[in-house]
Amino acid sequence: MKLHSIDNVEGFISTNRLAVLFISSPGCSVCQALLPRIEDMLQTHPQVELGYADASEVPEVTGKFLAFGAPTILVFAEGKEQIREGRFIRMEEFENRLEKLIAMTNY
């Protein structure tokens, strides 16, 4: 789900028990390659919602979440940040950490 304002971002985090926030920037080749991989991975985790924000469209997102590099991936459980990844993400490691979080929270 594309998030177009900081209010959308905050609402997305607060209304989803498990939320992945993907923060990107225009022209970021890593972002363009990584977002589809995250979307594919989350197909096997239907309890996790994905939202993404473009830092150029929603500049407040970088300051609020201290996301000064792109991409930044934040995972929230019950509105609290649990996982933070930036720039070069090892997908297998990220998925393992996410699965542990899902198991711990019984979602």
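K.L.:
Just to check I follow, could you spell out the pattern of salt bridges for this structure?
P.N.:
As enumerated under the stated definition, the model contains 5 salt bridges in all. Among the salt bridges present, the one from R84 reaches E81, with a minimum N-O distance of 2.9 Å. Two residues, E85 and R97, come together in a salt bridge whose shortest N-O distance is 2.5 Å. In this pair, E85 sits in strand β4 (residues 80-86) while R97 sits in helix α4 (residues 91-105), placing the two residues 12 residues apart along the sequence. The exposure class assigned to E85 is buried, which follows from its relative accessible area of 15%.

K.L.:
Can you walk me through the nonpolar core in this structure?
P.N.:
In summary, soluble globular proteins display a tendency toward joint burial of nonpolar side chains. Counting 24 residues, the largest nonpolar core has F22, I38, L42, I73 and F94 as its most contacted members. Secondary structure elements with two or more residues in this core: β1 (18-24), α2 (29-42), β3 (72-77) and α4. Per-element tally for this core: the top contributor is α2, with 7 residues. Setting aside anything within four residues of it in sequence, one finds F22 in contact with C31, L34, L35, I38, L50, G51, Y52, A53, P71, T72 and I73. Residues L3, I13, A19 and L21 belong to the second largest nonpolar core, which totals 16 residues.

Rules of the game
Residues numbered from 1 in each chain as written. Predicted model: local features only at pLDDT ≥ 70, side-chain atom pairs only at ≥ 80, totals over all residues. Heavy atoms only, no water. Salt bridge = Lys/Arg side-chain N within 4 Å of Asp/Glu carboxyl O. Helix = DSSP H or I, 4+ residues; strand = E, 2+ residues; numbered from the N terminus. Buried < 20%, exposed > 50% of the residue type's maximum accessible area, 1.4 Å probe, protein only. Core = buried A, V, L, I, M, F, W, Y, C linked by side-chain atoms within 4.5 Å. Contact = heavy atoms within 4.5 Å.

Honestly, it's all geometry; don't read function into it.
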